[in-house]
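# Coordinates in review
If you want the building blocks of each chain, they are given just below.
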Amino acid sequence: GFLRDYARFAKLPQPRIEAYEPTAFVERLRSQIAFDVDGAIPREPLRVDGAQFEQALLNLLKNAHEACPPEADVRLRLRHDGRDWRIDVLDRGSGMSEAVMANALVPFYSTKRSGTGLGLALVREIIEAHGGRIGLANREGGGLCVSLVLPG
């Protein structure tokens, strides 16, 4: 599994950008993992490689669930400012120390016993290949916010 994941990470193809209706995209994610949507979903088309972006969001949502106690909610917030998309994955886990946050996006860095350290690094590669950026921030009251900013 580790070698398969690494090979996929090392050979990430160029994204094939298509327009997606955001509500349908969110519902496809919801069919695979539980989360709540924070606020209204914008109507502007989301211009991404559907398979790559879905994989990136599934990785983030899975990480958020793993970081939280079972009763805590995981949220997805989508905003469009007329120019860019901002997509936040929010959890109420323990957040990250400064040392972990500084290394979290580096390939092979993991705080999980059985982690490969490729999940967040793969997300970063996907987002950067789309011309975007990723940011991590601890939340007021506990937890983490992973923010993706994409052109579009």
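Everything here concerns the structure above.
By convention here, each chain's residues receive numbers from 1 onward along its written sequence. At least 70 in pLDDT is required for a residue's local features to be given in this predicted model, at least 80 for side-chain atom pairs to be given and counted, and no such filter applies to totals for whole chains, interfaces and linings, which use all residues. Values reported for side chains reflect all heavy atoms of the structure, with hydrogen atoms and water molecules removed beforehand.

### Some remarks on the packing of aromatic side chains
When the centres of two rings from Phe, Tyr and Trp lie within 6.5 Å, Trp using its six-membered ring, the rings pair. Their planes under 30 degrees apart give stacked, over 60 give edge-to-face, and anything left gives tilted. Taken as a whole, this structure holds 2 aromatic pairs when the rule is applied. Plain terms: the ring middles of Y20 and F25 are 5.7 Å apart, the flat faces sit at 65 degrees to each other, and that makes the pair edge-to-face. Overall, F25 belongs to the buried group, its relative accessible area being 3%. Ring centres 5.7 Å apart and planes at 40 degrees place the aromatic pair F25 and F53 in the tilted group. Remark: F53 occurs in helix α3 (residues 50-67) and F25 occurs in helix α2 (residues 22-30); sequence separation between them is 28 residues. Side by side, F25 and F53 carry an identical accessibility label, which is buried. Among the aromatic residues, those joined into a ring-pair cluster are Y20, F25 and F53. Just above the ring of F35 sits the side chain of R30; from NZ or CZ to the centre is 5.4 Å. The classification of residues rests on relative accessible area computed with a 1.4 Å probe and restricted to protein chains. Under 20% of the type maximum is buried, over 50% is exposed, and intermediate values are partly exposed. Helix numbering and strand numbering both begin at the N terminus, where a helix is a DSSP run of H or I of at least 4 residues and a strand a DSSP run of E of at least 2. Note on criteria: charge over ring means Lys NZ or Arg CZ within 6 Å of the ring centre, with the direction from the centre no more than 35 degrees off the ring normal.

### Things to note about α2
When α2 is considered as a whole, its buried residues turn out to be P22, F25, V26 and L29. Around the axis of α2, the buried residues are gathered within 100 degrees of arc, so they sit on the same side. Working rule for contacts: check all heavy atoms of both residues, and any pair within 4.5 Å makes them a contact. Turning to α2, the residues buried within the fold contact β1 (18-20), β2 (36-37), β3 (46-48), α3, β4 (75-80) and β5 (84-90). The definition of a polar contact used here is a pair of N or O atoms within 3.5 Å, where within protein one atom must be able to donate a hydrogen and the other to accept one, and adjacent residues in sequence count solely through side-chain atom pairs. At the N-terminal boundary of α2, the capping side chain belongs to E21, with an oxygen 3.1 Å from the backbone nitrogen of T23. Of all possible arcs, the one meant is that of the directions from the helix axis to the C-beta atoms.

### Remarks on the nonpolar core
For the purposes of this section, nonpolar cores are sets of buried Ala, Val, Leu, Ile, Met, Phe, Trp, Tyr and Cys residues that join through side-chain atoms within 4.5 Å. Core analysis: the biggest nonpolar cluster contains 39 residues, and F53, L57, L76, I87 and L148 have the highest contact counts within it. The contacts of L148, once residues within four sequence positions are left out, are F53, L57, L60, W85, R86, I87, V123, I127, R133 and I134.

### Here's the deal with the pattern of salt bridges
Counted as salt bridges are all cases of a side-chain nitrogen of Lys or Arg within 4 Å of a carboxyl oxygen of Asp or Glu. Evaluation of the coordinates by the stated rule reveals 11 salt bridges. One salt bridge in this structure joins D73 and R75, with 3.3 Å as the shortest N-O distance. Salt bridges here are not isolated pairs; linked through shared partners, they connect D38, R77, R79, R86 and D88.

### Some remarks on the packing of α2 against α3
Angles run from 0 to 180 degrees between N-to-C directions of axes, and those axes are lines fitted to C-alpha atoms, restricted for helices to the stretch in contact. For the pair α2 and α3, the least separation of the axes is 11 Å and the interaxial angle reads 55 degrees. For the element pair α2 / α3, the angle class is oblique. Both α2 and α3 take part in a crossing whose hand is right-handed. Side by side, α2 and α3 meet where F25, R28 and L29 of the first sit next to G50, F53, E54, L57 and L58 of the second. All amino acids are sorted into three groups, where Ala, Val, Leu, Ile, Met, Phe, Trp, Tyr, Cys and Pro are nonpolar, Asp, Glu, Lys and Arg are charged, and the leftover types, Gly among them, are polar. Residue composition of the contact of α2 with α3, by class: 5 nonpolar, 1 polar and 2 charged. Each angle gets one of four labels, with under 35 degrees taken as roughly parallel, over 145 as roughly antiparallel, 65 to 115 as roughly perpendicular, and the rest as oblique. Note: crossing handedness is left-handed where the near helix turns anticlockwise from the far helix by less than a right angle, and right-handed where it turns clockwise.

### Quick look at the pairing of β4
Along β4, the buried face is formed by L76, L78 and H80; none of R75, R77 and R79, which line the opposite face, is buried. Two strands are counted as paired when DSSP detects at least two bridges linking them. Pairing analysis gives 2 bridges linking β2 to β4, with the strands arranged parallel. By the bridge assignment, D36 is partnered in β4 with R75. Counting the residues that bridge the hairpin from β4 to β5 gives 3 residues, and of these G82 lies at a positive phi of roughly 95 degrees.

Honestly, that's just the spatial picture; any functional story needs more than this.
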